[in-house]
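Observations on the model geometry
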Amino acid sequence: SVFVNKITANKPAWVALEESVPGEMVECSLSPGETMFVKRGRFVASDANIGLSAAILDFTRALSGIGFAVLEAKTTDNNSGRLFFGADGSVVRKLEVSEKTGPITIDNKSIIAFGSGLSCTSVVPGKVAKSILFCAARFYRVLSFSRCFV
């Protein structure tokens, strides 16, 4: 959305959130200096110390299925902040991957948000490669990163 609402409280209060389509809403905590890229149209809300801006991803990251134009969310001070985004009728799972556990393989249509430590490689699984000539096959991404939401 082009417009967002900045809500402040002059006494303890709360606000209810909803997504425009049915689905799960995810709360993600960003550490100071951490950046998260969110698929277009999935942002719902964030704390005041989360800076939001439009970003254009490099070719490799864009091929992850999230697209070229994304929302970049990052902390603007030395405090952690919360970021909320929706999943369009899907169940969301947070995958944390470290150098110790190694890379993971994800269908390129499944990624909705990821941290800035992303490194991607395009692959076509062995048996799928043989079927490309006969039907539309999906490409998969081998991803190495700190965390990702699918």
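Residues numbered from 1 in each chain as written. Predicted model: local features only at pLDDT ≥ 70, side-chain atom pairs only at ≥ 80, totals over all residues. Heavy atoms only, no water.

**Here's the deal with the pairing of strand β1 (residues 25–30)**
Inclusion rule: Buried, partly exposed and exposed residues are distinguished by accessible area as a fraction of the type maximum, computed with a 1.4 Å probe on protein chains only: under 20%, between the cut-offs, and over 50%, respectively. Numbering of helices and strands runs from the N terminus; a helix is a DSSP stretch of H or I covering at least four residues, while a strand is a stretch of E covering at least two. Here a strand pair is declared whenever DSSP counts at least two bridges between the two strands.
Along β1, the buried face is formed by Val26, Cys28 and Leu30; none of Met25, Glu27 and Ser29, which line the opposite face, is buried. As paired strands, β1 and strand β6 (residues 81–86) are joined by six bridges and run antiparallel to one another. The residue of β6 that forms the bridge with glutamate 27 is phenylalanine 84.

**Brief notes about the nonpolar core**
As a reminder of what qualifies: Among the buried residues, those of types Ala, Val, Leu, Ile, Met, Phe, Trp, Tyr and Cys that are joined through side-chain atoms within 4.5 Å form a nonpolar core. The criterion used for residue contact is that any of the two residues' heavy atoms lie within 4.5 Å.
Counting 14 residues, the largest nonpolar core has Leu30, Met36, Val38, Leu83 and Phe85 as its most contacted members. At the level of secondary structure, the elements contributing two or more residues to this core comprise β1, β2 (35–39), β5 (69–75) and β6. Tallying contributions element by element places β1 first for this core, with three residues. Apart from residues no more than four positions distant in its own chain, valine 38 is found in contact with Phe43, Ile66, Val70, Leu71, Leu83, Phe85, Ile112 and Ala113. With eight residues, the next largest nonpolar core counts Phe37, Ala55, Val70 and Ile111 among its residues.

**So, the sheet that holds β1**
Selection criterion: Between N-to-C directions, angles span 0 to 180 degrees; the directions come from axes that are lines fitted to C-alpha atoms, helices contributing only their stretch in contact.
Spatial ordering of the open sheet is given by β1-β6-β3, a layout of three strands whose pairing is antiparallel. In this open sheet, the two edge strands, each paired with only one partner strand, are β1 and β3 (43–46). Strand after strand, the sheet turns through a mean of 20 degrees between neighbouring axes, direction not considered.

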